[in-house]
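The primary structure of each chain is shown beneath.
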Amino acid sequence: MVELKIKASEVRGFNYHPSVSHDSLEDWLLFDEAIWRRELTIGKQMFPKMNTIRIWLSWNAFCRLGNEFTERVGKAIKICKELDLYVIPCLFNRWHDPMVCADSIYIDHFLPNSSWLHKYGNLFEDYIDALCEAFGKEENILVWDMCNEPFAYNGDFPERESVEKHELLWLEKMSARMRANKVTQPLGVGSTGDQSMEIFNNMCDVYLTHMYYRGGDVSEFEKTVADFAAESKKFDKPIITSECCWGALDDAHRRE
């Protein structure tokens, strides 16, 4: 198992999207080195203990920009290095929202022959290979987040079992591709807090979880946290909570 460069308990930071973009595709299409440097510098000033940021990469941006995409990611990582920030790059996303595309991967991306996409053959291998070649030994990458919130299905989706197995196979294939490229950093999967990580065990060195308290019975949330901690201890894998609350411009709301 590849180990973290710092203890998981020492990780402090935020998810970062530059203020000029609406989603992770625009993070890279509208990439502005000066904005990244200015905003992350302000972040360090406001939160001196911040030592890590999670950034959302974009397969679609890679398809449009090619080598320019990896060059822009390299510039972002260089800025983080100058500010003593580790980086958690998130490769794919399965979370969806009506307001934010977040450069999502949809079911037809991994369900065999479900759309014309599949006539192009391997959809993601060039993306993974390019990132591994450019950053597979980058010291400032703390852990690769393979996918943000996989299995984003509504509870009563009737085809969930049959579709989910293809999503898992896709994730396993992507992580195997990372391993085949001999990346020196650990891998994780950014799962929702109420999701067992055991299903991702073979592809994870680190558990990445999103422990949102959404209101209601606090004791139920505490049990979720305790169960997750017990699972981590059982499989001897560190935990990083890479999401836990939404930002807010209203200070009182944010504190709550």
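Values in this document were obtained by computation on a predicted structure and should not be read as measured data.

The rules behind each value
- Residues numbered from 1 in each chain as written.
- Predicted model: local features only at pLDDT ≥ 70, side-chain atom pairs only at ≥ 80, totals over all residues.
- Heavy atoms only, no water.
- Patch = residues over 30% accessible without salt bridge, like charges linked within 9 Å, V, L, I, M, F, W, Y side chains within 5 Å.
- Areas by Shrake-Rupley, 256 points an atom, 1.4 Å probe, with all protein chains shown as cover.
- Salt bridge = Lys/Arg side-chain N within 4 Å of Asp/Glu carboxyl O.
- Helix = DSSP H or I, 4+ residues; strand = E, 2+ residues; numbered from the N terminus.
- Buried < 20%, exposed > 50% of the residue type's maximum accessible area, 1.4 Å probe, protein only.
- Polar contact = N/O pair within 3.5 Å; in protein donor to acceptor, adjacent residues only side chain to side chain.
- Contact = heavy atoms within 4.5 Å.
- Phe/Tyr/Trp six-rings, centres within 6.5 Å; stacked < 30°, edge-to-face > 60°.
- Lys NZ or Arg CZ within 6 Å of the ring centre and 35° of its normal.
- 1 Å grid on protein atoms, 1.4 Å probe; cavity = no way out; pocket = protein on both sides within 12 Å on 5 of 7 lines; lining within 4 Å.
- Points joined across faces, edges and corners; volume = space filled by probe spheres on them.
- Nonpolar A, V, L, I, M, F, W, Y, C, P; charged D, E, K, R; others polar.
- Pairing = 2+ DSSP bridges.
- Axes fitted to C-alpha atoms, helices over the stretch in contact; angles between N-to-C directions.

Draft legend 1. The arrangement of a nonpolar patch on the surface in detail. A cluster of nonpolar side chains, contributed by F14, I42, M46 and F47, occupies part of the molecular surface with about 390 Å² of accessible area. Mapped onto the elements of the fold, M46 is located in helix α2 (residues 33–46). The exposure class assigned to M46 is exposed, which follows from its relative accessible area of 59%.

Draft legend 2. Region of interest: the side chain of D145. Positionally, D145 belongs in strand β4 (residues 144–148). Within the structure, the side chain of D145 is placed 3.2 Å from the backbone nitrogen of C147, a separation counted as a polar contact. For D145, the contacting residues outside a window of four places in its chain are R54, I88, P89, C90, L91, G188, V189, G190 and L208.

Draft legend 3. Spatial organisation of the packing of aromatic side chains. According to the stated counting rule, one finds 19 aromatic pairs in the structure shown. When the ring of F92 is compared with that of F124, the centres are 5.1 Å apart and the planes differ by 80°; the resulting orientation is edge-to-face. Placement of F92 in strand β3 (residues 86–93) and of F124 in the loop between α5 (107–110) and α6 (125–135) is noted, with a sequence separation of 32 residues between them. You'll find F92 and F124 in the same group, each marked buried. Put simply, the rings of Y16, W28, F31, W36, W59, F62, F69, F92, F110, F124, Y127 and W170 touch in pairs and so form one group of aromatic residues. The residue whose ring lies beneath K119 is W116, and the NZ or CZ to ring-centre distance is 5.4 Å.

Draft legend 4. Structural view of the layout of surface pockets. Size it by volume and the largest pocket reaches roughly 1,700 Å³. Lining of the largest pocket is provided by 48 residues; of these, F14, N15, C245, G247 and R254 occupy positions nearest its centre. Class assignment of the residues belonging to the lining of the largest pocket gives a composition of 24 nonpolar, 15 polar and nine charged. Roughly 340 Å³ of internal volume is contained in the second largest pocket. Y212, Y213, R214, C244, C245, W246, G247, A248, H253, R254, R255 and E256 are the residues that line the second largest pocket.

Draft legend 5. Main features of the sheet that holds strand β5 (residues 187–192). Strand order in the open sheet made by the seven strands is β1-β2-β3-β4-β5-β6-β7, with parallel pairing throughout. On the outer flanks of this sheet lie β1 (13–15) and β7 (239–243), each paired with one strand and no other. Each strand axis lies, on average, 25° off the axis of its neighbour in the sheet, ignoring direction. In this sheet, β7 lies alongside strand β6 (residues 207–210) in parallel orientation, the contact comprising four bridges. Directly across from H210, in β7, lies its bridge partner E243. The strands touched by α6 are β3 and β4; relative to β3, the strand with the most contacts, the crossing angle is about 170°.

Draft legend 6. Highlighting unusual backbone geometry. At N113, a position not held by glycine, the phi torsion is positive, near 55°. Within the element layout of this structure, N113 appears in the loop between α5 and α6. Although it is not a glycine, D236 sits at a positive phi angle of roughly 55°. Summarising the element assignment, D236 is placed in the loop between α8 (218–235) and β7.

Coordinates in, geometry out; function isn't part of it.
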